[in-house]
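Examination of the molecular architecture
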Amino acid sequence: MSAFATLRCWWKAITHRSRTTREVQEEFQFHVDAYATDLTAHGMSPAEAQRQARIGLGQPDVQGEKYRTAIGLRAWDETWGDLRYGIRGLLRNPGFAAVTILSLALSIGMATAMFSLVHAVLLDVYPYADSDRTVNPIVFDPAHPNDWDWFVVTRAQFQTYRSSPMFEDVLGQADFPVQLQQDDGESQAQMVALTANAAPFLKVKPLIGRGLQPSDGDYGDPAPNIAVLGYKFWIKQFAGDASVLGHKLTYATGIPGQKAQTVTIVGVMPERFTLGGLPDFYIPMSQVTFPNVHIIAFAKLKHGVTPEQASVAVDSMVHQFAAQDKRIYPQSFQTRLQPLIKGFTDRSKFVRSLPILFLAVAMLLLIGCANCSILLLARGTTRTHEFALRAAIGASPFRLIRQLLVECLVISLLGSLLGVALSYFLARLPLQLANNLFPSESVVRVDVSVLAFSVLLATAAGVLFGLWPALRFSRPQISQTLQKSSRRTASRRGQASLRRLIGCQIALTLVLLTIAGAAVAGFIRLTRIHLGYNPTNVTAMFGGYMQEEVKTWAERVAKNQRMRDAVAAIPGVVSVSMASDLPPGSTDDRFPPFEIAGDPANQTATARQSRVDANFFSVLQIPLVAGRIWTEEEGHLGLPLAVVNQAFVRKYSPNRSILGRTIRLTEIVQQAVSYGALRSPAFAGADIQVIGVTADAVNGGLGRPVQPDIYISINTLVFGEASLLLRTQGDPSQYTATFRHTLHEAGASYIFVNSYSLDQILSRDETWRRERLTASLFGIFAAAALALALVGLYSVVAYLVAQRTQEFGIRLALGATRSHILWLVLRSNIGVIVSGTTIGLILSLLVRRESQRWLEGTPQSTALILTAAASLIVVSIIACLSPASRAALTQPSEVLHAE
Amino acid sequence: MGRLELPQGALEMLILKAISLGSLHGYGILLRIQQISGERLEILQGSFYTAIYRLERNGWIEGEWGESENNRRAKYYRLTAAGKRQLKEEAAKWSDMADIIASILQTRAEEI
């Protein structure tokens, strides 16, 4: 038997249904006629012969069905019939259809959104070829293996690295902040240079035009003077105009001795190609002509080589690199090669909260399914007459179950369709609210795997919520049901299962509400945090100059002073400060050790150390608590004077005044000098005298305790880079162009990197964004869960009320008051609401500890949980009130007449 | 002696055999089987067409519309290559089976 022949036969019978039926009937008719002719030939009258033939053979009209059964299409025909019947049923009850499909769409949509988010940011992030084999080298201190860092190599080191036998190929990337010179002025841009092997290494097709190609060359090759744009830059700067190809870009790196370069745009990369952290445009390495370039290396491991093997192999090589330039490597370290995604997963606290997000989505899905089950049960009970009739004329339980399940699948697949549409918008929300929490390659997209996930989920959900009602209705009590005059019969059993479902919904909703409440409370606490400084109208400007350019301490100090004076002279600038660290500070909590002279040696005494000038405290409006701040003159000379914060006093000198005491900063000074800092002539040793105490200001990251801090004058240890803090009159963003211009005039070699207002920095803070994101996500989940649960509750009460209308009519006719009827309806539901809430409370308390682990920084107060429970009870009762009051308003005369 | 009913699966084989002698329409197949069997077989009308439809679905026979003796449109069936193979196999199996059953039935007590 050939499967192909069978399929062809089925195909013909399905696509040409009426023709095959006609042919089968015609063939059979011929058979009947031929038989009758034979009978006539044997002496029977023609009419009698026809009759005999029909009696013997049967009716030609049923032959079509026999044919379809014989070739095995019966199940198909029946399912198709169920499907059409199901769709007709939904169209007949548009209200029921809308509510079920929407509740399912909501829960499937959320689940699909969660999946496509994880798909976009974790599972399938990188558009680059073999990204699972591509590794980044990082170095870490063996004592703190989780505290690792990327490192850069020089051109010569890159060549050495590239030659390792562990690698199939190595791609080099160098980043440059540049000034774009356009007709309407200058703007900042981020440029990335790639080695000539970029195209074969990454294998990403350009969106338009061409990408970088091997012939564009490496360092030392003739420069083709071209650029390939990043997608975001193309959209922002050129409004996605395809005619951009052939346009010129002029950029200046600001590196001394480097002239501005003009290049031709030859292509645009697709949205997901963001190698080098979302740069604006790419150039070939051949266009980077200056000798000192810092290269980040991406290596593709040979097939069969594990990252561990390769790490061991390159470790000694990297230690040789470190011997050449100690500044960028820790004192003792190991090398590790890690997959690209590790850079994200290791550092992302969002990834840590994924389990609880999945839990929330699963709960939401259960609530949505329970809702559908409730609605199906309610609707099914009104259809018992139909089921009994079907069973009476021969439908088997299996046949009834199949019909009901097909109806459920229609609902769930329609729900999944809507859900996918919804998920497309929902999944993009996290990337919009907190794009810096995810790899820049993350782009939410609806593709085959997302669709497959959603359809599978919908099928599973359809079976999950449909099977129970289907099993219940598959064995109707035929005689009882058919004998009843009324087609609406309430069964006690049905009510019990409805109540159970409602109870579960309420319990799960409460769990979601409490988690969401904690997340929102955490975020609110973060926004109301006492910063200890005033960020309003303060701008920070980041930049620096090449250390090689300014060789002596005096030169650096003079240069810094010139920049400060120039910016301070700008009209509208209230005060200017120069500082090494900016609030709210980094969350890194490993600080160098120090000693307080006269105290017993304390190995664990560590503190932040910030280099600031005398104006720092007035610019940020951090009040002085005791003593004084060094004068401008003292600061200028770089005298060894320090100011500490109150956290320092609390921790290290709680009982004795710190003023006038000496702090020894041996290790800090050593480290700074090895990193290229120049010491002031007045600061010979490592001893520094404390002359003042300031109030605490957030310095260890938002939402974290204030760390002990030692502020010393910026001129004691001068580095090449310096950030400026400016307090302005009014919105600082209006001054940006002036600042840049002024700095350019004042110090030709100053490389201006970026400027942000301190408010902007706060709103870009990772903790802030993450908490806002989790608060929004859980807020949405909880709102959806609440809406679903209330809709479910409302439908159940409305349905039960509709069933008992007759009873209420009789009660009212016999003298029951309307408030009595209202109480009658409410009473039976209050029990469900309260027991659901109780179970929810217990569950909430159980998950509380776990959720605290997953959602860092969320407060977990019992009061919050109790408030959520109380409000859930109140809104649930309100949801019952409307159908209950309808019951109370029953007109007994109408109801009894209708009977 | 009454007419014999066909065991399971035998009808299909007989239909294949009947067609192998030349293409026939449904009624013709029925007549030929009865004619060859000397009217000794009872073929149930209900199962006859079911068997034909199944054979056609399996790709063993192929129907084609033609004209009958009395100038009416009729569907004529002929054997396909797969059908010929199938007939050969079935016939071999059937005669093996008949031999075995016959030899079992002829066994006498002293032969064991």
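Before reading on, note that the structure itself is shown above.
For the structure given in this document, a descriptive report is provided here. Being a predicted model, the structure only gives us computed values, none of them experimental.

The rules we used
Residues numbered from 1 in each chain as written. Chains lettered and ligands numbered in written order. Predicted model: local features only at pLDDT ≥ 70, side-chain atom pairs only at ≥ 80, totals over all residues. Heavy atoms only, no water. Helix = DSSP H or I, 4+ residues; strand = E, 2+ residues; numbered from the N terminus. Rg over C-alpha atoms; globule rule 2.2 N^0.38 Å. Buried < 20%, exposed > 50% of the residue type's maximum accessible area, 1.4 Å probe, protein only. Contact = heavy atoms within 4.5 Å. Lys, Arg positive; Asp, Glu negative; His and termini not counted. Charge placed at Lys NZ, Arg CZ, Asp CG, Glu CD. 1 Å grid on protein atoms, 1.4 Å probe; cavity = no way out; pocket = protein on both sides within 12 Å on 5 of 7 lines; lining within 4 Å. Points joined across faces, edges and corners; volume = space filled by probe spheres on them. Buried area = accessible area lost by both parts, 1.4 Å probe. Salt bridge = Lys/Arg side-chain N within 4 Å of Asp/Glu carboxyl O. Polar contact = N/O pair within 3.5 Å; in protein donor to acceptor, adjacent residues only side chain to side chain. Pairing = 2+ DSSP bridges. Axes fitted to C-alpha atoms, helices over the stretch in contact; angles between N-to-C directions. Core = buried A, V, L, I, M, F, W, Y, C linked by side-chain atoms within 4.5 Å.

Some thoughts on the overall build of chain A
If you tally the helices and strands in chain A, you get 30 helices and 24 strands. Relative to the globule expectation of 29 Å for 899 residues, the C-alpha radius of gyration of chain A, 38 Å, shows a markedly less compact shape. Projected onto its principal axes, the C-alpha coordinates of chain A cover approximately 135 × 75 × 50 Å. Among the 899 residues that make up chain A, the fraction classed as buried is 50%. In chain A, of all internal contacts separated by at least 6 residues, the share reaching a separation of at least 24 is 82%. Of note, chain A has its 81 positive side-chain charges centred 11 Å away from the centre of its 66 negative side-chain charges.

Quick notes on empty space enclosed by the protein
Residues and elements named next belong to chain A. All told, the structure shown has 11 cavities of 30 Å³ or more when counted by the stated rule. The space that makes up the largest cavity amounts to roughly 120 Å³. For the largest cavity, the lining is made up of 15 residues, of which Pro-583, Phe-616, Asn-699, Asp-709 and Tyr-711 are closest to its centre. Where the lining of the largest cavity is concerned, the elements lending two or more residues are strand 15 (608–612), helix 20 (616–620) and strand 21 (709–713).

Focus on the interface of chain B and chain A
The partner chain A presents 26 residues to the 24 residues of chain B that form the contact. The largest share of the area that chain B buries against chain A comes from Tyr-27, Tyr-53 and Arg-57 of chain B, three residues that together contribute 37% of it. Connecting chain B to chain A are 2 salt bridges. Asp-33 of chain A is the partner of Arg-72 of chain B in a salt bridge, and the nearest nitrogen-oxygen pair spans 2.4 Å. For the pair chain B and chain A, the interface holds 9 residue pairs in polar contact (both at pLDDT 80 or more). Per-element tally for the side of chain B that touches chain A: the top contributor is helix 3 (residues 45–57) of chain B, with 8 residues.

Some words on the sheet that holds strand 4 (residues 61–67) of chain B
Spatially, 3 strands are ordered 2-5-4 (chain B) in an open sheet, and the strand pairing comes out antiparallel. With one partner strand each, in any of the chains shown, strand 2 (24–25) and strand 4 of chain B form the two edges of the open sheet. Sheet topology places strand 2 of chain B next to strand 5 (residues 73–79) of chain B; 2 bridges connect them, and they run antiparallel. Counted as the bridge partner of His-25 of chain B is Tyr-76 of chain B from strand 5 of chain B. Across the sheet, helix 2 (residues 17–41) of chain A lies against strand 2, strand 4 and strand 5 of chain B, angled at about 100° from strand 5 of chain B, the strand it touches most.

With respect to the pairing of strand 15 of chain A
For strand 15 of chain A, the tally of buried residues reaches 5 of 5 residues, placing the bulk of the element in the interior. Side chains of strand 15 of chain A alternate between two faces, with Arg-608, Ser-610 and Val-612 of chain A and Gln-609 and Arg-611 of chain A buried alike.

A few points about helix 1 (residues 10–20) of chain B
All names here are of chain B. The element helix 1 is largely enclosed, with a buried count of 8 among its 11 residues. Listed as buried for helix 1 are Ala-10, Leu-11, Glu-12, Met-13, Ile-15, Leu-16, Ala-18 and Ile-19. Structurally, helix 1 contributes buried residues whose contacts are with strand 2, helix 2 (26–36), helix 3, strand 4, strand 5 and helix 4 (81–106). Where helix 1 ends, the next residue or the one after it, Gly-22, has phi of about 150°, a positive value.

Considering the side chain of Asp-613 of chain A
All names here are of chain A. As for its placement among the helices and strands, Asp-613 is situated in the loop between strand 15 and helix 20. Only 2.7 Å separates the side chain of Asp-613 from the side chain of Arg-564, close enough to count as a polar contact. Apart from the residues lying within four places of it in its own chain, the contact partners of Asp-613 are Arg-564, Val-576, Ser-577, Met-578, Trp-630 and Ile-714.

Remarks on the pairing of strand 20 (residues 687–694) of chain A
Residues and elements named next belong to chain A. With 6 of its 8 residues buried, strand 20 lies for the most part within the structure. Two strands pair when backbone bridges link them, and strand 16 (residues 624–627) and strand 20 are joined in this way by 3 bridges, in the antiparallel orientation. Within the sheet, the bridge partner assigned to Gly-627 lies in strand 20 and is Gly-692. For strand 17 (residues 641–645) and strand 20, the ladder comprises 5 bridges, and the chain directions are parallel. Its bridge partner lying in strand 20, Val-644 is registered against Val-693. As paired elements, strand 18 (residues 662–664) and strand 20 share 3 bridges and run antiparallel to each other. Bridging across to strand 20, Thr-662 finds its partner in Gln-689.

Digging into the nonpolar core
One broad rule of soluble globular proteins: the nonpolar side chains tend to lie buried together. Phe-778 and Phe-781 of chain A are the most contacted members of the largest nonpolar core, which has 59 residues in total. Counting residues in hydrophobic clusters, the runner-up holds 46 residues, among them Met-191, Trp-234, Ala-322 and Phe-333 of chain A.

Quick notes on the pattern of salt bridges
Residue and element names in this part refer to chain A. On inspection of all chains with the given rule, the structure shows 35 salt bridges over all chains. A salt bridge links Asp-124 to Arg-445, with the shortest nitrogen-to-oxygen separation between them at 3.1 Å. Pair noted here: Asp-124 is in the loop between helix 6 (94–123) and strand 1 (134–140) and Arg-445 is in the loop between helix 15 (397–433) and helix 16 (448–473), with a separation of 321 residues, a long-range link. What makes Arg-445 buried here is its relative accessible area of 16%.

What about the side chain of Glu-634 of chain A?
All names here are of chain A. By secondary structure assignment, the location of Glu-634 is in helix 21 (residues 632–637). Of note is the side chain of Glu-634, whose polar atom sits 2.9 Å from the side chain of Arg-628. Those residues within four positions of Glu-634 in sequence are excluded, and the remaining contacts are Arg-628, Leu-639 and Leu-641.

A few points about the environment of Leu-501 of chain A
With respect to the secondary-structure elements, Leu-501 of chain A resides in helix 18 (residues 492–527). In this structure, the C-alpha to C-alpha distance between Leu-501 of chain A and Gly-792 of chain A, residues 291 residues apart in sequence, is 9.1 Å.

Regarding unusual backbone geometry
Residues and elements named next belong to chain A. Cis rather than trans, the peptide bond between Pro-583 and Pro-584 has omega equal to 5°. In this fold, Pro-584 is placed in the loop between strand 13 (573–579) and strand 14 (595–596). Its identity as a non-glycine residue notwithstanding, Asp-130 has a phi of 50°, on the positive side. One can find Asp-130 in the loop between helix 6 and strand 1. With a relative accessible area of 27%, Asp-130 lands in the partly exposed category.

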